[in-house]
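Residues per chain are reported as follows:
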Amino acid sequence: MSHFDNIKSKIVSLQQLQQELARRAGEKVVFTNGCFDIVHHGHVAYLAQARDLGDLLVLGLNSDASVKRLKGPARPINDEQSRALVLAAFEFIDYVVLFEEDTPFDLISALQPDVLVKGGDYKIEDIVGHDIVEKKGGRVVTIDFVPGFSTTKIVEKINQQ
């Protein structure tokens, strides 16, 4: 299998992901989610740290329609397949799964991860799915942002050019 084929194979449907996780039972599954429209230094640091919390990192990626509803009509900058491919290329991301909803609640319910991770701007009680993960005895973790990096700031800087 070529490197590119290997990267593409990490982008899976929910059904494929559930089969993979069943096959890999016993491994600690870490889940995070987001839009990841323009991947930057802060994203890389965040995702690498998330992967360190378990055996597998599953990334729930907002679909284009979901990003548009959350971020406005000018977003996303990069389409969902492009965003998924860039993220799947990271060695520390094991699977990328797209979701259409505004929150990953249904995805978290279906996957039942062992660890749920979000950025440090969230309070644990405000993280979608925290109750699902905590109920099964899992952990909810927040990771501090790298100061000075945000997609919104990058877009603003480009628009000022």
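The preceding data block contains the structure.
Residues numbered from 1 in each chain as written. Predicted model: local features only at pLDDT ≥ 70, side-chain atom pairs only at ≥ 80, totals over all residues. Heavy atoms only, no water.

Enquirer: Which parts of the structure should I look at to understand the pattern of salt bridges?
Expert: Scanning the model with the defined rule gives 8 salt bridges in all. Residue K8 is joined to D5 by a salt bridge in which the shortest nitrogen-to-oxygen separation is 3.7 Å. Linking K8 with D5, this pair stays in helix 1 (residues 3-9), spanning 3 residues, or about one helical turn. A salt bridge links K136 to D114; the nearest nitrogen and oxygen atoms lie 3.4 Å apart. Here D114 lies in the loop between helix 6 (105-111) and strand 4 (115-119) and K136 lies in the loop between helix 7 (130-135) and strand 5 (139-143), a separation of 22 residues in the sequence. (Salt bridge = Lys/Arg side-chain N within 4 Å of Asp/Glu carboxyl O. Helix = DSSP H or I, 4+ residues; strand = E, 2+ residues; numbered from the N terminus.)

Enquirer: Could you clarify how one ought to interpret the side chain of R83 in this entry?
Expert: Considering the arrangement of structural elements, one finds R83 in helix 5 (residues 80-88). In terms of polar contacts, R83 uses its side chain to reach the backbone carbonyl oxygen of C35, at 2.7 Å. Aside from chain neighbours lying at most four places away, what touches R83 is C35, F36, D37, L61, N62, S63, D64, V67, P76 and N78. (Polar contact = N/O pair within 3.5 Å; in protein donor to acceptor, adjacent residues only side chain to side chain. Contact = heavy atoms within 4.5 Å.)

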